[in-house]
Amino acid sequence: MENEEEYVKFLKQIIACINQGDYYSAKELSQLELDKIEKRFNDKKL
């Protein structure tokens, strides 16, 4: 349930950035989220 809530929060942040025309921030948020997900996958592999 926590992951779903985090994902919804992330999507709302992206939508807010796009609504403001702030595509750089949307890109940065997306990259941070991707880095976080990749770290979780790498931690599970160890």
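Before reading on, note that the structure itself is shown above.
Residues numbered from 1 in each chain as written. Predicted model: local features only at pLDDT ≥ 70, side-chain atom pairs only at ≥ 80, totals over all residues. Heavy atoms only, no water.

1. Considerations on the overall build of the protein chain
Going by this rule: Here a strand is any run of E in DSSP of at least two residues, a helix any run of H or I of at least four, and the numbering for each starts at the N terminus. Categorising residues by exposure relies on relative accessible area from a 1.4 Å probe, with only protein chains included: less than 20% of the type maximum marks a residue as buried, more than 50% marks it as exposed, and the intermediate range marks it as partly exposed. Residue burial considers only the protein chains on display, and all accessible areas are found by Shrake-Rupley using a 1.4 Å probe.
Helix and strand content of the protein chain: two helices and zero strands. For the C-alpha atoms alone, the extent of the protein chain along its principal axes is close to 40 × 25 × 5 Å. Every one of the 46 residues in the protein chain was classed for burial, and the buried ones make up 11%. Carbon and sulfur atoms form 57% of the exposed surface of the protein chain, whose accessible area is close to 4200 Å².

2. Observations concerning the pattern of salt bridges
When their charged atoms lie close together, side chains carrying opposite charge are able to pair. The criterion, for reference: Salt bridge, as applied in this entry: a Lys or Arg side-chain nitrogen positioned within 4 Å of an Asp or Glu carboxyl oxygen.
Summed over all chains, the structure comprises four salt bridges. Glu6 is the salt-bridge partner of Arg40, the closest N and O atoms lying 3.3 Å from each other. Of the two residues, Arg40 is situated in helix H2 (residues 23-45) and Glu6 in helix H1 (residues 2-19); the sequence distance between them amounts to 34 residues. A salt bridge links Glu33 to Lys36; its shortest N-O distance comes to 3.5 Å. Of this pair, Glu33 and Lys36 both sit in helix H2, three residues apart, roughly one helical turn. The buried category is assigned to Glu33, whose relative accessible area is 14%. Owing to a relative accessible area of 36%, Lys36 belongs among the partly exposed residues under this scheme. Through salt bridges with shared partners, a single network forms among Glu6, Glu33, Lys36 and Arg40.

Spatial relationships are all this shows, so hold off on functional conclusions.
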